[in-house]
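# Analysis of the macromolecular model
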Amino acid sequence: MHVRTTQAWALRPATPDDLEAMVELRAVVMRPDLVRLGRYDEDRVRRRMRDSYLPEHTSVIVVDGRFAGCVTLRPHDDDGRWLESFFLAPELQGAGIGSAVLRELLARTDAEGATVRLDVLQGSAARRLYERHGFVLEREDPVDVFMVRRPVPTA
């Protein structure tokens with residue numbers, strides 16, 4: 001499979017109308033890891049996104065003018081953020097778009113002095129992406145790996 005190397009992406013605010021596209025993308029992207037962990041449930045994988053959707057803290061990733069993914073960066077604790085629902089269409093993964101989106105979000109949180117936390121499934125390839133961007137292990141359990149990134153002072 002040929003991976004596109006385009007960087008023609010943008011973030012736009014999510015709307016309630018984006019939810020179903022995000023729900024379906026989540027089901028596709030998470031399926032391999034959830035199956036591997038014996039935790040895939042066709043209904044639950046969709047219901048969890050619907051139940052936790054916060055459009056006011058969610059951005060849609062647009063590539064070449066089309067829906068390509070989503071990311072939520074919601075308030076957490078007094079001065080932190082929680083990064084979740086970061087999904088990119090499988091055919092766009094590995095082209096640098098996820099890293100570019102993450103760099104932009106982390107530049108914002110660094111400017112705010114905010115600590116960012118997240119969790120990924122055990123064995124998920126996404127963990128390497130987060131580690132490359134300064135996230136470190138905070139704790140883990142048999143299913144989830146919880147990671148944290150302290151703000152990097154901006155000059």
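### Points about the overall build of the protein
Along the protein, the regular secondary structure elements total 4 helices and 7 strands. Referenced to the eigenvectors of the C-alpha coordinate spread, the extents of the protein come out at roughly 45 × 40 × 30 Å. The buried share among the 155 residues of the protein stands at 46%. A sequence separation of at least 24 residues applies to 61% of the contacts in the protein between residues at least 6 apart. Counting only carbon and sulfur atoms, one obtains 50% of the accessible surface of the protein, whose full area is about 8,600 Å².

### A few points about the confidence of the model for the protein
Counting all residues, the mean pLDDT for the protein is 89, and 95% of those residues have values of 70 or more. The low-confidence segment residues 1-6, where pLDDT is below 50, has 12 contacts with residues more than four positions distant or belonging to other chains.

### Focus: helix α2 (residues 44-52)
Within the span of α2, buried status applies to Val45, Arg46 and Met49. End-on view of α2: buried residues confined to an arc of 100°, all on one side of the axis. Considering only its buried residues, α2 is in contact with α1 (19-36), β3 (66-76) and β4 (80-88).

### Considering the nonpolar core
Counting 42 residues, the largest nonpolar core has Leu83, Phe86, Ile97, Val101, Tyr130 and Phe135 as the members making the most contacts within it. With near-sequence residues (within four places) excluded, Phe135 lies in contact with Leu83, Leu106, Val116, Leu118, Tyr130, Met147, Val148 and Arg149.

### A closer look at the side chain of Arg26
Residue placement: Arg26 occurs in helix α1. In this structure Arg26 is buried but unpaired, with Asp119 as the nearest side chain of opposite charge at 8.0 Å. Separated by 2.5 Å, the side chain of Arg26 and the backbone oxygen of Val45 make a polar contact. Other than its neighbours up to four places away in sequence, Arg26 contacts Val45, Arg48, Met49 and Phe87.

### Brief notes about the pattern of salt bridges
For the coordinates displayed, the defined rule picks out 11 salt bridges. With a closest N to O distance of 2.9 Å, Arg46 and Glu24 form a salt bridge. Here the residue Arg46 occupies a position in helix α2, and Glu24 occupies one in helix α1, the gap between them amounting to 22 residues. What makes Glu24 partly exposed here is its relative accessible area of 36%. Of the charged contacts, one joins Glu84 and Arg74 as a salt bridge, the two residues approaching to 2.9 Å between their closest N and O atoms. You can see Glu84 sitting in strand β4 and its partner Arg74 sitting in strand β3, a full 10 residues away along the chain. Each of Glu24, Arg31, Glu42 and Arg46 takes part in a single network of salt bridges with overlapping partners.

### A closer look at the packing of aromatic side chains
Applying the stated criterion to the full structure yields 1 aromatic pair. Between Tyr130 and Phe135, the ring centres sit 5.6 Å apart and the planes meet at 70°, which makes this aromatic pair edge-to-face. Side by side, Tyr130 and Phe135 carry an identical accessibility label, which is buried. Sitting over the face of the ring of Phe146, Arg139 holds its NZ or CZ atom 3.9 Å from the ring centroid.

Cut-offs and rules
Residues numbered from 1 in each chain as written. Predicted model: local features only at pLDDT ≥ 70, side-chain atom pairs only at ≥ 80, totals over all residues. Heavy atoms only, no water. Helix = DSSP H or I, 4+ residues; strand = E, 2+ residues; numbered from the N terminus. Buried < 20%, exposed > 50% of the residue type's maximum accessible area, 1.4 Å probe, protein only. Contact = heavy atoms within 4.5 Å. Areas by Shrake-Rupley, 256 points an atom, 1.4 Å probe, with all protein chains shown as cover. pLDDT = per-residue confidence, 0-100. Arc of directions from axis to C-beta. Core = buried A, V, L, I, M, F, W, Y, C linked by side-chain atoms within 4.5 Å. Lys, Arg positive; Asp, Glu negative; His and termini not counted. Salt bridge = Lys/Arg side-chain N within 4 Å of Asp/Glu carboxyl O. Polar contact = N/O pair within 3.5 Å; in protein donor to acceptor, adjacent residues only side chain to side chain. Phe/Tyr/Trp six-rings, centres within 6.5 Å; stacked < 30°, edge-to-face > 60°. Lys NZ or Arg CZ within 6 Å of the ring centre and 35° of its normal.

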